[in-house]
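# Examining the three-dimensional arrangement
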Amino acid sequence: MTVTLMMFFACLITYVLRLNMGFAMVCMIKQTQGQPRSQVMSFNETTTDDAIGDVDVCAGGAAYAKDLSINGSSADLEGVKTTGEFEWQKTLQGALLGAFFYGYIVTQVPAGWLCDRLGGKRVLGTGLGVVSLLTLALPEAARIDPYAMLSVRVLQGMFAAVSFPAIHCTVGNWAPPTERGLLMSISYSGMYVGTLLTFPICGVLCEYGFGGGWPSVFYVTGIMGIVYVIFLVFFVYDGYEKHPRIDSIEKTYLQKTLIGHHESGKRDAIPWKAFVTSPPVWAIIVAHTCANWGLYTLVINLPLFMKEVLKFDIKQNGLLSSLPYLCTLIVNLLCGKLTDFLRRRNIMTITTLRKTFNSIGMFIPALCMLSITFLYCEQRYVAVAALTTCQAMSGFAYSGGFFYNHVDLSPQHAGILMGITNMFATVPGIVSPLLVGILTPKGTRDEWLTIFYIGTAMYTIGAIVYLLIGSGDRQPWSYSKEEQDEQLQRDGERILGNKEKLYAKNRSNDTSV
């Protein structure tokens, strides 16, 4: 359980260090009279007469429309004391926010390879340690030159890429198959808790923090990361065989249940060709990419959609934008427990279980996104319910479908498989916000419909492909040479035993005759 909790906090810290820039940016930009705080998502460009007309038809929207037309969304200025330091153009701000993902996509596969060779602990500790130190350097880099800050963000993304492969590798080395669902769910629920915590923490630091407010966002979150790495060094080990204080009963249990486990650095050659030609691996790649398209569409753009189309003010927006992640956290934990129950009772095969949960976690979100295209501002709370259901039900795919499937296919290569699929699945984090910017220049409802049509199609494609070629069975190419030799020996002993039984039976028949 200690390893699971440490991986939970690894996910939490990873997301805090990833998302802190987006919230700090709001406080970093110098404001002029009547300029909106959320300049990163410039709402002045969307306050056309048509947009204001849309607001008027919503309950309580007329006052908000007036505020938009006169003050440029001055509701965003409420309660904010700092005026920021920098006069950066919106394009530069967008480049700074996206720089993380450009670094993140580059090192996914190398990170998985390192986890496979060196073990998850060392890779995770090094990665998060460097990201934390770079976070401490961000305020000074910003004051030197914005492109110095951009370079630091790219480096952060490169080192942060190790987190998920390392977590997959570490949990895969410790979690028995019948407990893997819950332990994985607890570990990765740190993503949702980190998302929920980042906004209030960064908001308080931005307004009341030291060093001018916004720098404290980076200093505090960077120190959090360093403290975590220190705990990681003393409390996490790559496998039970390396743990100096493990209970003998637990060690015996893990030895019996962890089939396919090997110590890091003692593995056979990585079967790259098998990865490329394996249909189940491609099923995960497609499902992961399509699911992340929906995830990033909501994570990055949900506040903007609620502001532009649903016409929620900033206070309502903050609360309602966090609601989907709270519900997803609950679903994630419940699904993990349910998958373990179904496996222990042998109610479903692992393949049937993965495909069932993945289908629920992608077809229902597809329907939810499609339903939003039929809703107007007057039904904005129905739209919020649809968005919340979309995000929450996707938890079935992440906690019982494709997301844990890497460990099923090849326990000892789970880290590198996660690196491969996450490399493809990072592309939506780069493309989706760019596409939103291109397709919604005025922020009207009709423009946003295209975004939800694309999201519906992506969820549907991912569900169908995984349903057709996905698998939960351990793949033949995942067995090491030692395991293959052991299996041949067992098969030989079984054949020899059958021959001896047949010989004894024949002798018995001859004697009776």
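To be clear, the structure that these remarks concern was listed above.
A short tour of the structure in this document, coming up. All of these numbers come straight from a predicted model, not from anything done at the bench. (Residues numbered from 1 in each chain as written. Predicted model: local features only at pLDDT ≥ 70, side-chain atom pairs only at ≥ 80, totals over all residues. Heavy atoms only, no water.)

## Comments concerning the overall build of the protein chain
What counts, and what does not: Runs of E in the DSSP output that reach at least two residues are strands. Runs of H or I that reach at least four are helices, and both are numbered from the N terminus. By the convention used here, residues are in contact when the closest approach between their heavy atoms is within 4.5 Å. Shrake-Rupley sampling with a 1.4 Å probe provides the accessible areas, and residues are treated as covered by the protein chains on show and by no other component.
Within the protein chain, the regular secondary structure consists of 22 helices and zero strands. Considering only residue pairs separated by 6 or more positions, the protein chain has 83% of its internal contacts joining residues 24 or more positions apart. Accessible surface computed for the protein chain: about 21,800 Å², of which carbon and sulfur atoms make up 66%.

## Here we look at helix H11 (residues 214-235)
Cut-off, in case you're wondering: One fewer than the residue count of a helix, multiplied by 1.5 Å, yields its expected span. Burial classes follow relative accessibility: with a 1.4 Å probe on protein chains only, a residue under 20% of its type's maximum area counts as buried, one over 50% as exposed, and anything between as partly exposed.
The end-to-end C-alpha distance of H11, which contains 22 residues, comes to 33 Å, matching closely the 32 Å that a straight helix rising 1.5 Å per residue would cover. Buried residues of H11: Trp-214, Pro-215, Ser-216, Val-217, Phe-218, Thr-221, Gly-222, Gly-225, Tyr-228, Val-229 and Leu-232, and no others.

## A short note on the pattern of salt bridges
Worth spelling out the cut-off: What makes a salt bridge here is a side-chain nitrogen of Lys or Arg within 4 Å of a carboxyl oxygen of Asp or Glu, nothing more.
Under the defined criterion, the tally for this structure stands at two salt bridges. The salt bridge involving Arg-354 is made with Asp-408; its shortest N-O contact spans 2.6 Å. With a gap of 54 residues between them, Arg-354 in helix H16 (residues 350-372) and Asp-408 in helix H19 (residues 405-409) connect regions that are remote in the sequence. What makes Arg-354 buried here is its relative accessible area of 4%. For Asp-408, a relative accessible area of 6% corresponds to the buried category. The closest approach of N and O atoms between Asp-446 and Arg-445, which form a salt bridge, is 3.7 Å.

## Brief notes about unusual backbone geometry
One non-glycine residue, Asn-346, adopts positive backbone phi at about 55°. With respect to the helices and strands, the residue Asn-346 is situated in the loop between helix H15 (314-344) and H16. Owing to a relative accessible area of 65%, Asn-346 belongs among the exposed residues under this scheme.

## Comments concerning the packing of helix H6 (residues 120-144) against H11
A pair of packed helices is captured by two measures, namely the crossing angle of their axes and the spacing between those axes. Which entries qualify depends on this criterion: Comment: axis = line fitted to C-alpha atoms, over the contacting stretch for helices; angle = value between 0 and 180 degrees taken between N-to-C directions. Oblique is the label for any angle not covered by the other classes, which are roughly parallel (under 35 degrees), roughly antiparallel (over 145) and roughly perpendicular (65 to 115). Each crossing is labelled by how the near helix is turned from the far one, with a counterclockwise turn of less than a right angle marking it left-handed and a clockwise turn marking it right-handed. Asp, Glu, Lys and Arg are counted as charged, while Ala, Val, Leu, Ile, Met, Phe, Trp, Tyr, Cys and Pro are counted as nonpolar; the rest, among them Gly, fall into the polar class.
Where H6 meets H11, the closest approach of the two axes is 9 Å, and the angle between their N-to-C directions is 160°. Viewed along their axes, H6 and H11 adopt a mutual orientation that is roughly antiparallel. The way H6 lies across H11 gives a crossing that is left-handed. In the contact of H6 with H11, the residues fall into 17 nonpolar, seven polar and two charged.

## Here we look at a nonpolar patch on the surface
For clarity, the threshold we go by: Exposure above 30% relative accessible area and the absence of a salt bridge qualify a residue for a patch, where like charges join within 9 Å and nonpolar side chains (Val, Leu, Ile, Met, Phe, Trp, Tyr) within 5 Å.
A cluster of nonpolar residues, Val-276, Trp-282, Phe-363, Phe-424, Ile-464, Leu-467, Leu-468 and Ile-469, forms a patch on the protein surface that exposes about 700 Å² of accessible area. Here the nonpolar patch takes four residues from helix H21 (residues 445-469), the largest share from any one element.

## Looking at the packing of H16 against helix H17 (residues 380-393)
Close contact between H16 and H17 brings their axes to 8 Å; oriented N to C, the two are set at 165°. In terms of their interaxial angle, H16 and H17 are classed as roughly antiparallel. Relative to H17, H16 is oriented so that their crossing is left-handed. From H16, Ile-360, Gly-361, Ile-364, Pro-365, Cys-368, Met-369, Ser-371 and Ile-372 reach across to H17, where they touch Ala-386, Leu-387, Thr-389, Cys-390 and Met-393. Its residues assigned to classes, the contact of H16 with H17 comprises 10 nonpolar, three polar and no charged.

## So, the environment of Leu-136
Here Leu-136 lies in helix H6. Through-space distance from the C-alpha of Leu-136 to that of Gly-222 is 5.5 Å; in sequence the pair is 86 residues apart. Aside from chain neighbours lying at most four places away, what touches Leu-136 is Phe-218, Tyr-219, Gly-222, Ile-223 and Ile-226.

## Things to note about the packing of aromatic side chains
Using the following cut-off: Two aromatic rings, drawn from Phe, Tyr or Trp (for Trp, its six-membered ring), form a pair once their centres lie within 6.5 Å of each other, and the interplanar angle then sorts them: stacked below 30 degrees, edge-to-face above 60, tilted otherwise. Only when the NZ atom of a Lys or the CZ atom of an Arg is both within 6 Å of the ring centre and within 35 degrees of the ring normal do we say a charge sits over the ring.
Taken as a whole and judged by the stated rule, the model has 18 aromatic pairs. Between Phe-100 and Phe-101 the ring centres are 5.7 Å apart and the planes differ by 80°, which places this aromatic pair in the edge-to-face class. With respect to class, Phe-100 is no different from Phe-101; both count as buried. Here the basic side chain of Arg-18 rests over the ring of Tyr-15, its NZ or CZ set 4.7 Å away from the ring centre. Over the ring of Tyr-104 we find Arg-18, and its NZ or CZ is 4.8 Å from the ring centre.

## Looking at the environment of Tyr-479
Here Tyr-479 shows up in the loop between H21 and helix H22 (481-512). Separated by 69 residues in sequence, Tyr-479 and Ser-410 have C-alpha atoms that sit 7.8 Å apart.

## Details of the nonpolar core
The criterion, for reference: We call a set of buried Ala, Val, Leu, Ile, Met, Phe, Trp, Tyr and Cys residues a nonpolar core when their side-chain atoms join them within 4.5 Å.
The biggest cluster of nonpolar side chains holds 94 residues, and the ones touching the most others in it are Met-7, Phe-164, Tyr-188, Tyr-228 and Phe-402. If near-sequence neighbours (up to four positions away) are discounted, Tyr-228 is found in contact with Met-6, Met-7, Phe-9, Ala-10, Ile-13, Leu-124 and Leu-128. Counting 24 residues, the second largest nonpolar core, distinct from the first, contains Cys-27, Phe-86, Trp-88 and Leu-205.

## A look at the side chain of Thr-328
The criterion, for reference: Identification of polar contacts relies on pairs of N or O atoms within 3.5 Å, with a donor-acceptor requirement for protein atoms, meaning one able to donate a hydrogen and the other able to accept it, and with residues adjacent in sequence counted only if both atoms are side-chain atoms.
In this fold, Thr-328 is placed in helix H15. With relative accessibility at 0%, the residue Thr-328 sits in the buried group. Within the structure, Thr-328 has its side chain in polar contact with the backbone oxygen of Gln-391 (distance 3.1 Å). Apart from the residues within four sequence positions on either side, Thr-328 is in contact with Tyr-192, Gln-391, Ala-392 and Gly-395.

## Some points on the environment of Arg-445
Looking at where Arg-445 falls in the secondary structure, it is placed in helix H21. Between the C-alpha atom of Arg-445 and that of Leu-310, which follows or precedes it by 135 residues, the distance is 8.8 Å. In this structure, Arg-445 is in contact with Val-309, Thr-373, Phe-374, Leu-375 and Tyr-376, ignoring residues within four places of it in sequence.

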